[in-house]
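Structural overview for review
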Amino acid sequence: MSTMTMAKALNAGLRRALADDPKVLLAGEDIGRLGGVFRITEGLQAEFGEDRVIDSPLGEAGIVGTAVGLALRGFRPVVEIQFDGFVYPAFDQIVSQVSRMRFRSHGRLGVPMVVRIPYGGGIGAIEHHSESPEAYFAHTPGLKVVTPSNPLDAYWMIQQAVADDDPVIFFEPKRRYHEKGEVDVEAEPLPLYSARVVTPGTDATLLTYGPMVRTCVQAAVAAAEEGRSLEVVDLRSLSPLDDEAVFASVRRTGRAVVVHEAVGTLGLGAELAARIQQECFYELQAPVLRVTGYDLPYPPSRVEDGYLPDLDRVLDAVDRSLAH
Amino acid sequence: MSTMTMAKALNAGLRRALADDPKVLLAGEDIGRLGGVFRITEGLQAEFGEDRVIDSPLGEAGIVGTAVGLALRGFRPVVEIQFDGFVYPAFDQIVSQVSRMRFRSHGRLGVPMVVRIPYGGGIGAIEHHSESPEAYFAHTPGLKVVTPSNPLDAYWMIQQAVADDDPVIFFEPKRRYHEKGEVDVEAEPLPLYSARVVTPGTDATLLTYGPMVRTCVQAAVAAAEEGRSLEVVDLRSLSPLDDEAVFASVRRTGRAVVVHEAVGTLGLGAELAARIQQECFYELQAPVLRVTGYDLPYPPSRVEDGYLPDLDRVLDAVDRSLAH
Amino acid sequence: MTEPAGTTATDPGDVPVQLLAPDGRRVDHPDFAFTGTDAEIAAHLRDMVLTRRIDTEATALQRKGELGLWPPLLGQEAAQIGSARATRDPDLVVPSYREHGVAWCLGVDPIDLLGTFRGTDMVDWPSRPDGFHLYSFVIGTQTLHGVGMAMALQREHRVGNDDAAANGAVVVYFGDGATSQGDVNEAFVFAASANAPVVFFCQNNQYAISEPTSLQSRIPLYRRAAGFGFPGVRVDGNDVLAVQAVTTWALERARRGGGPVLVEAFTYRMGAHTTSDDPSKYRTRDEEGEWGARDPIARVKAYLLSVGAIDQAWLDDLAAESEALAERLRAGCLALPEPLLADQWSNVYATTPDRLVRQREEYLAYEASFAEEAR
Amino acid sequence: MTEPAGTTATDPGDVPVQLLAPDGRRVDHPDFAFTGTDAEIAAHLRDMVLTRRIDTEATALQRKGELGLWPPLLGQEAAQIGSARATRDPDLVVPSYREHGVAWCLGVDPIDLLGTFRGTDMVDWPSRPDGFHLYSFVIGTQTLHGVGMAMALQREHRVGNDDAAANGAVVVYFGDGATSQGDVNEAFVFAASANAPVVFFCQNNQYAISEPTSLQSRIPLYRRAAGFGFPGVRVDGNDVLAVQAVTTWALERARRGGGPVLVEAFTYRMGAHTTSDDPSKYRTRDEEGEWGARDPIARVKAYLLSVGAIDQAWLDDLAAESEALAERLRAGCLALPEPLLADQWSNVYATTPDRLVRQREEYLAYEASFAEEAR
Ligand SMILES: Cc1ncc(C[n+]2csc(CCOP(=O)(O)OP(=O)(O)O)c2C)c(N)n1
Ligand SMILES: Cc1ncc(C[n+]2csc(CCOP(=O)(O)OP(=O)(O)O)c2C)c(N)n1
Ligand SMILES: [Mg+2]
Ligand SMILES: [Mg+2]
């Protein structure tokens, strides 16, 4: 057991994945000599060589498209997209090839690829550096989409993603890279595609993931001071969603608020609300509410604090839910 | 008033747009000499010249990216993506540039572009030729997304889209290209971003768009024979959604079934369900149900009939809704 | 200043490498030679004739409504057979969607191809589960996959070994139109950067659907390679000997560790783009006639007959073999098993998530409800 | 066969066009000449010095926490001033994100640039509402916009007119790393196909963050153009006279209707990629020292002093002007108005849809509820 940041936990997880399986490769812009702009791959090229930790030319379609070829030959590429907003040049490769190679080949060919994407706002960045594009991928059959919220999950989930025979879009909440947590490198990890109840509660359920988990836990603490018991569910996997865990919690509390940074319209909250209202129709005591980024392009960083869901907005929604 | 196919109506609408405004340009693969693989632009190059109806080199990013430059100079480009599955190479340009140029420039620069995309299945095609990618765009702030379901709307909506100062993703239900309808070229058209009640009814609301409108109208007819009164709402605009029309109908009937070809997870049905359960919580007598493409890549065409929503699946959902 | 490099001035390399003239005479080239025997050339003729027969039959099946679509290779037989016959194990072959001749040489049962266009199957080949990759319909996408496979060969130590037989390379096919796609140009960048063992085989059949190659590039396409730092060669794509010679050279160079090469096979799509297309809308009969005179099969036949390597009896046998093949295709096409929607859930993920398992069960229950009603 | 074209052999064009040596001597070139006066050169020096001062000040502001980030242009002043000063109305200028020197020449108030990096603003310039396009941060994306604008100039009949002054062209900036992006290569394709009046101005500053240019291309970048059928020229990017001469030629050619040109300005990013970067992780002090000796400002100063066109008093005045500018920047940066989230809803659509109007109202009501609580 040791205390480390999420950045270090990802680095340790990737190191272990590289050490455990010679077929694992890393590729991306600046990930080698520099160790990545967030230093997630620091030291790995020195340790595993330029053939396994590859500084790629500056083209996201090229990075993902060549990784498809490598994967088809049995390698397990883990590619880094430098920032969320730069995944779109690779969108065609991801949506029409990575996600479907198994389907296109009647199950014969897999693409065991991980696409790592630092995502989300709150770091005072310029445009394209604070986005939350997870819904585009969760809408795409054939992909799996996961996101850790803490160092422990980061350490294990990245290894589980690498070991998965399906392509996994791995969203890393960049504003949480430097927050510390306990990491037990011996523990039996939770299965990759399962949600976790982070804070148990009885009055309402907060469904969230990635960077917003911490925000929701803080909201639950604040609510507790006012005598309200909020349950916080860290979804961890956005595709597939752990429906049973979600429904079980909402059935218990009768109320649900979904919290994410991505824009509301057709964000994950839409799908969760649609599923919950269908499956828990009679148990729901209030509509499922959503606290999300507003339906705007990501704004200049000086106003991002107001744009992003925070403790107050979460509690405000909880109030509205409870008032129903 | 004359009877024509949707293909001809689109052709006529584009012709009128070109004739009305010298700034209107068409660009795309094979749209000039050949008139497009669906012949939507037939005859237009001959009539308006190669400078205004442009056969583009084979690159979707290039087509959309150069259209951005043209639009910034005051032109109004209407670009054709040859098939739904080929829009992804242009995804970055659409999502990071077209949708945001106004935002990026504090409202100073608009991109009055129309991206025409023949979409949907049911035509027995090979892969990438039957997709319904509308949710990707409806999730993206700054874009408008519309889709006609009949020749009359096609004729007017394409002109309204061209006249709009915002970028419009214009989805054309290719399986309906050759169905005929009345087109009144003098009539005052419905505003572009409003839904239309195609079939009024009282027992349940079918919310649908594009190729599925006809299917739903048929379902309503069949249901009527069994004494059930279904209201069919043709959404026409997917972004913005005409919330008021949707809520008004659902409030009247108490039940809603969303029908679309796109995969269910994070499809338009998710957003509609999420909004409806929030706004019509007490009026809803049953959960909002979704009849959609299954969560699979589009399958080989020999099984597409089972994959796509049809009259029976719609009526089955209506039964389930009414049984609640 | 005087016009610098990169303009439209001609270059000696613009003249395609040719080893067999349209009239069947063999000609010399300073750089390339075909070193095979006449028996091998006869085998090529057989491949080309059978491939064309497959193509005609598939076109006919489409006309009869048995296929949804067919992209004919008519006219591109030499480009495909010549290049495919230059490959050997452990080379990897990555087609676009018109490489029926390559598929044939690589041992794919043409009935598998029919399944794709009949809509019973996706784009994979049960009869040839590896070595010949899936067809790709997104223009250019496969070039990146090919480069990735070449990078894999490097990591598998299958490049530049002293034991030449152990070395392999990738050949990836695409069209003239594809050269305008970002993916293809990124493939050039990545291949050059990695010095990957890949031969970019561009069949310039003069058209991308209706668009002439001149719309994509104002200079010969083979010259694109030079701008990325690797060689490009233009070869007469209707000359099976020249295509094989050039591709063999390119593959050998790649296998040795020499890096990528672009081969532009200058050929002509004698038929329509696909069975949905009507070329009369965008090209002249004259042009079609000119290219008809350069038919890739005629010249090989003329040559082999002129040297007495084959005779009419040989040709008659081949005609009979062609007809038998066509017969087998017709029957095989109709016998292609109808797919089941229920099966489609199995091939999305390696381990199918619960929700999809349930979705499939619901679908089955729903289907079953009809069967019950019907009873 | 012997190695065909496109290999790594050197070419005479690889030697960058130079008109002013690092030691301040003017040198001749067979194809290009700088025809301006010494007074013009002095004006260039002033631009370069002030631009560098803007850059240093912005970097300092970032260190003080007043900016979130700053991408310094240090070392690229000659490439930017020389090329920007080659433009004139109705040319259009499309930058990437490091073109602070170009912005300066085009009349953008540098405080506007600070707004972008302070996070108070997006990427548009209130002080210069047209002619100089937005900054773009998605690598290469703007090259396609530039080609589209050039296609617009064609349609506006601003190309190839007898009245040369009425003609215009586009110059679009991008980096060495950008040349690997699909978009940039598609821009080359589209520009060549349309024969669009566009000058692709690539500042090869030797790095894309940590990646050396050699990872993107194994041959000099200017040669990329030849593969697309238009000229490429490599110019000493630290020589403001050569840059201006070459860009002037390229723009004139484009305006006349000669089509696209690629200019590779061979330069060096003397500073970090951005203020977040640490170049010591990937390059040596020796290398930095070598390039330091080729400083673009030093040689102009040396030349002008040597011919007596300027003197120490002139330089002292310039230093004072620089400091005043820096002072104005500091104050202007702190005075940049704080944006309001409430305003952001107005710039998404030309006509804001109802739902967004309501969303904004809800936001305002929510904000107001705090104000009430606070009371
Ligand atoms: C990304 C993409 N855009 C458009 C299409 C539609 N399309 C199919 S084939 C084709 C022309 C391809 O031309 P070329 O590369 O020359 O190959 P050919 O068909 O001539 O063999 C087009 C535009 C597609 N399949 N993929
Ligand atoms: C599509 C995309 N991918 C990645 C990035 C992250 N990134 C920002 S600058 C940069 C390097 C660009 O290098 P170059 O084109 O040489 O320009 P320079 O910064 O040297 O001026 C990278 C990779 C980006 N902005 N856009
Ligand atoms: Mg072609
Ligand atoms: Mg650079």
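Residues numbered from 1 in each chain as written. Chains lettered and ligands numbered in written order. Predicted model: local features only at pLDDT ≥ 70, side-chain atom pairs only at ≥ 80, totals over all residues. Heavy atoms only, no water.

A word on the interface of chain D and chain B
Contacts between the two partners involve 39 residues from chain D, matched on the other side by 45 residues from chain B. Summed over both partners, the interface of chain D with chain B buries about 3,400 Å², with 59% contributed by carbon and sulfur atoms. One salt bridge in this structure joins Arg355(D) and Glu271(B), with 4.0 Å as the shortest N-O distance. Our count for the contact surface shared by chain D and chain B stands at 17 residue pairs in polar contact (both at pLDDT 80 or more). Mapped onto the side of chain D that touches chain B, the elements with two or more residues apiece are helix 5 (141-155), helix 6 (182-194) and helix 12 (354-374) of chain D. (Contact = heavy atoms within 4.5 Å. Buried area = accessible area lost by both parts, 1.4 Å probe. Salt bridge = Lys/Arg side-chain N within 4 Å of Asp/Glu carboxyl O. Polar contact = N/O pair within 3.5 Å; in protein donor to acceptor, adjacent residues only side chain to side chain. Helix = DSSP H or I, 4+ residues; strand = E, 2+ residues; numbered from the N terminus.)

Examining a negative patch on the surface
A contiguous patch of negative charge, built from Glu244(A), Glu279(A), Asp354(C), Glu361(C) and Glu362(C), is present on the exposed surface. At three residues, helix 12 (residues 354-374) of chain C tops the list of elements feeding residues into the negative patch. Locating Asp354(C) in the fold gives a position in helix 12. (Patch = residues over 30% accessible without salt bridge, like charges linked within 9 Å, V, L, I, M, F, W, Y side chains within 5 Å. Areas by Shrake-Rupley, 256 points an atom, 1.4 Å probe, with all protein chains shown as cover. Lys, Arg positive; Asp, Glu negative; His and termini not counted. Charge placed at Lys NZ, Arg CZ, Asp CG, Glu CD.)

Side note on the nonpolar core
In this structure, Ile276(A), Ile276(B), Phe200(C) and Phe200(D) are the most contacted members of the largest nonpolar core, which totals 390 residues. Setting aside residues up to four positions removed in sequence, Phe200(C) forms contacts with Thr143(C), Val147(C), Val172(C), Phe174(C), Ala187(C), Phe188(C), Ala191(C), Phe230(C), Pro260(C), Val261(C), Leu262(C) and Val263(C). (Core = buried A, V, L, I, M, F, W, Y, C linked by side-chain atoms within 4.5 Å. Buried < 20%, exposed > 50% of the residue type's maximum accessible area, 1.4 Å probe, protein only.)

Let's talk about the interface of chain A and chain B
Taken together, the contact between chain A and chain B spans 49 residues of the former and 49 residues of the latter. When the two sides are added together, the surface that chain A and chain B hide from each other amounts to roughly 4,400 Å², 62% of it contributed by carbon and sulfur. The interface formed by chain A and chain B contains six salt bridges. Here Arg104(B) and Glu127(A) are joined by a salt bridge, their closest N and O atoms 2.9 Å apart. Counting every contact that joins chain A to chain B gives 22 residue pairs in polar contact (both at pLDDT 80 or more). Those elements that provide at least two residues to the side of chain A that touches chain B are helix 4 (91-98), helix 5 (101-104), helix 6 (134-138), helix 10 (268-279) and strand 14 (289-293) of chain A.

Brief notes about the coordination of the magnesium ion (ligand 4)
Within the protein, the magnesium ion (ligand 4) binds to Asp176(D) (OD), Asn205(D) (OD1) and Tyr207(D) (O); these donor distances fall in the range 2.0 to 2.1 Å. Given a relative accessible area of 1%, Asp176(D) falls into the buried group. (Donors = N, O, S within 2.8 Å, 3.2 Å for Na, K, Ca; no water.)

As for the site of ligand 2
Surveying the vicinity of ligand 2 reveals 20 residues, the closest of which are Glu60(A), Tyr97(D), Arg98(D), Phe137(D) and Gly177(D). More than one chain reaches ligand 2: its neighbouring residues belong to chains A and D. In the environment of ligand 2, a nitrogen atom lies 3.1 Å from a nitrogen or oxygen atom belonging to the backbone of Ile139(D). Computed on the free molecule, ligand 2 has an accessible area of 570 Å², of which 95% lies beneath the protein chains in the complex. Tallied by class, residues from the shell around ligand 2 come to 10 nonpolar, six polar and four charged. (Near = heavy atom within 4 Å. Nonpolar A, V, L, I, M, F, W, Y, C, P; charged D, E, K, R; others polar.)

Some points on the relation of the copies chain A and chain B
Taken as rigid bodies, chain A and chain B are interconverted by a rotation of 180° and an axial shift of 0.0 Å, the fit giving an RMSD of 0.0 Å. Both chain copies can therefore be described as sitting about a two-fold axis. Of the interface residues in chain A, 100% have counterparts in chain B that sit at the interface too, so the contact is made through matching surfaces. (Least-squares fit on C-alpha atoms with pLDDT ≥ 70 in both.)

Here we look at the domain arrangement of chain A
Interfaces are often described in size by the accessible area the parts lose on coming together. Residue and element names in this part refer to chain A. Segmenting chain A into domains produces domain 1 (2-183) and domain 2 (196-322). Just the C-alpha atoms count here: the centres of domain 1 and domain 2 sit 26 Å apart. Contacts between the two partners involve 27 residues from domain 1, matched on the other side by 23 residues from domain 2. Across the interface of domain 1 and domain 2, roughly 1,900 Å² is buried in total on both sides, 51% from carbon and sulfur atoms. When the shortest N-O distance is used, the salt bridge between Asp-153 and Arg-236 registers 3.0 Å. Summed over the shared surface of domain 1 and domain 2, the number is 17 residue pairs in polar contact (both at pLDDT 80 or more). Breaking the side of domain 1 that touches domain 2 down by element, the ones donating at least two residues are helix 6, strand 6 (144-146) and helix 7 (151-163). (Domains from an automatic or database assignment.)

What about the coordination of the magnesium ion (ligand 3)?
Residues and elements named next belong to chain C. Asp-176 (OD), Asn-205 (OD1) and Tyr-207 (O) make up the full set of protein donors to the magnesium ion (ligand 3), lying at 2.0 to 2.1 Å. Sequence spacing of the donor residues for the magnesium ion (ligand 3), all on one chain, is D-x28-N-x1-Y. The buried category is assigned to Asn-205, whose relative accessible area is 5%. Classification of Tyr-207 by relative accessible area gives buried; the value is 8%.

Observations regarding the sheet that holds strand 1 (residues 92-94) of chain D
Residue and element names in this part refer to chain D. Spatial ordering of the open sheet is given by 1-2-3-7-6, a layout of five strands whose pairing is parallel. Of all strands in the sheet, those with a lone pairing partner are strand 1 and strand 6 (232-236), marking the two edges. Strand-to-strand twist of the sheet, defined as the mean angle between neighbouring strand axes without regard to direction, takes the value 20°. Sheet analysis places strand 2 (residues 170-175) next to strand 3 (residues 198-204), joined by six bridges and oriented parallel. Within the sheet, the bridge partner assigned to Tyr-173 lies in strand 3 and is Phe-201. Across the sheet, helix 8 (residues 240-256) touches strand 2, strand 3, strand 6 and strand 7 (261-266), and the angle it forms with strand 6 is around 155°. (Pairing = 2+ DSSP bridges. Axes fitted to C-alpha atoms, helices over the stretch in contact; angles between N-to-C directions.)

Here we look at the site of ligand 1
Surrounding ligand 1, one finds 20 residues, the nearest of these being Glu60(B), Tyr97(C), Arg98(C), Phe137(C) and Tyr207(C). Mapping the residues adjacent to ligand 1 onto the chains of the assembly identifies chains B and C. Gln82(B) places a side-chain nitrogen or oxygen 3.4 Å from a nitrogen atom of ligand 1. Its free accessible area being 590 Å², ligand 1 has 94% of it covered by the protein chains. Of the residues that constitute the shell around ligand 1, the class distribution is 10 nonpolar, six polar and four charged.

A few points about the sheet that holds strand 7 (residues 168-173) of chain B
Residues and elements named next belong to chain B. Judged by pairing direction, the sheet is mixed, and its seven strands sit side by side in the order 3-2-4-5-7-6-12 without closing on themselves. Both edges of this open sheet fall to strand 3 (53-55) and strand 12 (237-239), since each of them pairs with a single strand only. When the angles between neighbouring strand axes are averaged without regard to direction, this sheet yields 20°.

Notes on the packing of helix 3 (residues 60-72) of chain B against helix 6 of chain D
Running from amino to carboxyl end, helix 3 of chain B crosses helix 6 of chain D at an angle of 75°, the nearest separation of the two axes being 9 Å. Between helix 3 of chain B and helix 6 of chain D, the angle falls in the class roughly perpendicular. Where helix 3 of chain B abuts helix 6 of chain D, its residues Glu60(B), Ala61(B), Gly62(B), Ile63(B) and Thr66(B) lie against Asp183(D), Glu186(D) and Phe190(D). Split by residue class, the contact of helix 3 of chain B with helix 6 of chain D holds three nonpolar, two polar and three charged. (Parallel < 35°, antiparallel > 145°, perpendicular 65-115°, else oblique.)

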